[in-house]
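The primary structure of each chain is shown beneath.
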Amino acid sequence: MKSNVHFGYLIFLSVVAALGGFLFGYDTAVISGTVSQVSLQFGLDAIQQGWYVGCALIGSITGVAFAGVLGDAIGRRKTMLLAAVLFTVSAIGCAVCADFNQLVIYRIIGGVGIGVVSIISPLYISELAVAEYRGRLVSLYQLAITVGFLAAYLVNFRLLGYAENPYLQATSSGTFFGKIFIEEVWRGMLGMETFPAALFFVIIFLIPESPRWLILKGDEARAAGILRKVYVSEEDVRMQVGETKQSVASEGKSEWSVLFTPGIFKAVVIGVGIAILGQFMGVNAVLYYGPTIFENAGLSGGDSLFYQVLVGLVNMLTTVLALVIIDRVGRKKLVYYGVSGMIGSLLLIGLYFIYGEALGISSLFLLTFFLLYIFCCAVSICAVVWVLLSEMYPTKVRGLAMSIAGFALWIGTYLIGQLTPWMLQNLTPAGTFFLFAIMCVPYILIIWKLVPETTGKTLEEIEKYWKK
């Protein structure tokens with residue numbers, strides 16, 4: 001590590017902000033283990049199943065719509081505090097809700113929290129990180145999401161095991177504990193998010209505001225004080241403050257006007273394109289409906305949840321790999337290699353659903369194809385998208401531009417969450433995965449032709465590229 005940076009302090013700030021990603025991941029993935037139970041209890045059809053999964057994404061779309069503007073108005077730190085409150089209310093509400101309508105409302109509240117942290121947490125990290133480490137530090141956020149995925153899958157798997165324990169069924173019948181963790185175990189799965197959400201709320205008080213936001217608001221002295229904890233050299237502090245001031249001063253127009261300047265508008269359109277298109281490449285269908293897809297292949301509910309735990313484990317470990325290599329290999333190369341592997345994996349999954357049963361091929365082959373797909377996805381688009389979106393835009397419009405890109409991302413996520421049960425039913429699982437493979441092609445072409453390599457460049461250098 002370079003001696004002019006207090007790297008330990010930088011990691012601490014990044015980890016605290018990345019806990020928002022953990023909550024994002026848990027809230028997103030926990031739904032996968034509850035779909036069958038909630039559908040059975042409330043008699044949901046395929047469209048209603050999609051609404052149960054997709055309702056939180058409506059909240060996410062709402063969250064990203066105001067997250068950037070709110071973050072620019074009151075600061076990154078206070079906006080993360082608001083998200084922590086939303087996650088806590090959602091988790092408790094889902095555990096004790098009286099009916100399906102209340103469950104949907106509390107899921108939407110949690111979705112708003114997801115939308116907020118999906119913008120503000122990586123934004124906060126990117127604004128504190130030094131250029132040579134920014135890719136790895138922002139990738140901590142993506143790593144935290146995958147840890148949240150894995151935690152949700154493990155909680156689902158373990159709680160289902162408890163719920164099926166005859167002794168616990170006999171001793172807990174009729175009690176509040178029995179209702180939450182035995183009789184309607186989906187309540188416990190959703191409610192367990194209360195603990196990390198409360199922790200996130202507490203530890204946010206230990207971190208400072210983003211110095212770039214403070215400079216934008218004219219509080220240079222406070223920003224310099226924070227930067228002195230990041231940089232060893234006073235010269236580096238002055239240089240960082242000077243570069244940010246110069247960047248902000250060069251943007252005399254209003255935020256919306258800056259968005260429509262030629263170079264910046266191009267960056268916004270590209271960001272929207274890669275954000276929304278990335279959702280139609282299958283990853284969220286696997287994360288939301290993995291157990292359902294495995295059950296379609298003939299597995300039991302318990303085995304399906306165990307397979308989903310393995311999916312979450314590979315997702316997390318691969319993200320660790322991406323975190324280590326993203327600043328060495330580069331953003332674009334990771335996309336080239338990873339998306340090519342995704343196409344091959346998706347085609348193999350589709351072929352399995354066509355020929356697997358007729359040829360007597362074991363479900364272990366399906367699991368292998370799924371894990372290969374998750375590996376390729378996690379090492380490429382999942383790790384790269386948040387890094388790119390957090391570093392593509394000028395300081396003055398970064399929050400607003402990220403909200404626009406994030407809004408597009410969540411529109412795509414909602415459509416996939418809503419439509420996947422319908423596609424699995426009407427296009428068949430094979431047709432669904434072939435469609436995902438086709439959607440990978442335009443994504444890789446956009447990255448190749450339109451997106452610059454940002455590895456190792458400062459945010460100011462990237463801004464100059466778009467304005468050039």
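For the structure itself, look to the data block above.
In this report, the structure presented in the accompanying data block is examined.

Each value, and the rule that gives it
- Residues numbered from 1 in each chain as written.
- Predicted model: local features only at pLDDT ≥ 70, side-chain atom pairs only at ≥ 80, totals over all residues.
- Heavy atoms only, no water.
- Axes fitted to C-alpha atoms, helices over the stretch in contact; angles between N-to-C directions.
- Helix = DSSP H or I, 4+ residues; strand = E, 2+ residues; numbered from the N terminus.
- Parallel < 35°, antiparallel > 145°, perpendicular 65-115°, else oblique.
- Left-handed = near helix turned anticlockwise from the far one by under 90°.
- Contact = heavy atoms within 4.5 Å.
- Salt bridge = Lys/Arg side-chain N within 4 Å of Asp/Glu carboxyl O.
- Buried < 20%, exposed > 50% of the residue type's maximum accessible area, 1.4 Å probe, protein only.
- Expected span 1.5 Å × (residues − 1).
- Polar contact = N/O pair within 3.5 Å; in protein donor to acceptor, adjacent residues only side chain to side chain.
- Nonpolar A, V, L, I, M, F, W, Y, C, P; charged D, E, K, R; others polar.
- Core = buried A, V, L, I, M, F, W, Y, C linked by side-chain atoms within 4.5 Å.

**Thoughts on the packing of helix α15 (residues 262-277) against helix α22 (residues 428-450)**
Okay, so step 1: Where α15 contacts α22, the axes come no closer than 10 Å and their chain directions differ by 155°. It follows that α15 is roughly antiparallel to α22 by the angle criterion. The two elements α15 and α22 meet at a crossing, and its hand is left-handed. Of α22, the residues touching α15 (which contributes I270, I274 and L277) are M439, P442, Y443, I446, I447 and L450.

**Focus on the pattern of salt bridges**
Side chains carrying opposite charge are able to pair once their charged atoms draw close together.
Okay, so step 1: Under the criterion given, the structure shown has five salt bridges.
Okay, so step 2: Measuring nitrogen to oxygen at the nearest pair gives 3.1 Å for the salt bridge that ties R107 to D27. Taken as a pair, R107 in helix α5 (residues 100-128) and D27 in helix α1 (residues 7-29) lie far apart in primary sequence, 80 residues in all.
Okay, so step 3: Residue classification places R107 among the buried positions, given a relative accessible area of 3%.
Okay, so step 4: Exposure remark for D27: the relative accessible area of 0% places this residue in the buried category.
Okay, so step 5: Here R187 makes a salt bridge to E184, at a shortest N to O gap of 2.5 Å.

**A few points about helix α19 (residues 363-378)**
Okay, so step 1: Helix length check: α19, at 16 residues, gives a terminal C-alpha distance of 22 Å against a target of 22 Å (1.5 Å per residue), a fit within 8%.
Okay, so step 2: By the burial criterion, the buried members of α19 are S363, L366, L367, F369, F370, L371, Y373, I374, C376, C377 and A378.
Okay, so step 3: Of the residues that open α19, the one with a side-chain oxygen 3.1 Å from the backbone nitrogen of L364 is S362.

**Considerations on helix α8 (residues 176-183)**
Okay, so step 1: Looking only at α8, the buried set comprises G178, I180 and I182.
Okay, so step 2: In the core, the buried residues of α8 are packed alongside α4 (76-96), α6 (134-163), α7 (166-172) and α9 (185-191).

**Observations concerning the packing of α4 against α5**
Any two packed helices are characterised by the angle at which their axes cross and by the distance between the axes.
Okay, so step 1: Where α4 contacts α5, the two axes come as close as 8 Å, and the packing angle between them is 155°. Between α4 and α5, the angle falls in the class roughly antiparallel. Taken as a pair, α4 and α5 cross one another with a handedness that is left-handed.
Okay, so step 2: A per-class count over the contact of α4 with α5 returns 16 nonpolar, six polar and three charged.

**What about the nonpolar core?**
The nonpolar side chains of a soluble globular protein tend to be buried, and buried together.
Okay, so step 1: Y52, L103, V339, M342, Y393, W410 and Y443 are the most contacted members of the largest nonpolar core, which has 159 residues in total.
Okay, so step 2: Considering every element that reaches this core, the biggest residue donor is α6, with 16 residues.
Okay, so step 3: If near-sequence neighbours (up to four positions away) are discounted, Y52 is found in contact with I31, T34, V35, V38, L44, F100, L103 and L190.

**A few points about the environment of R238**
Okay, so step 1: Along the chain, the position of R238 falls in helix α13 (residues 234-249).
Okay, so step 2: Expressed as a C-alpha distance, the spacing of R238 and L227, which sit eleven residues apart in the sequence, is 9.1 Å.

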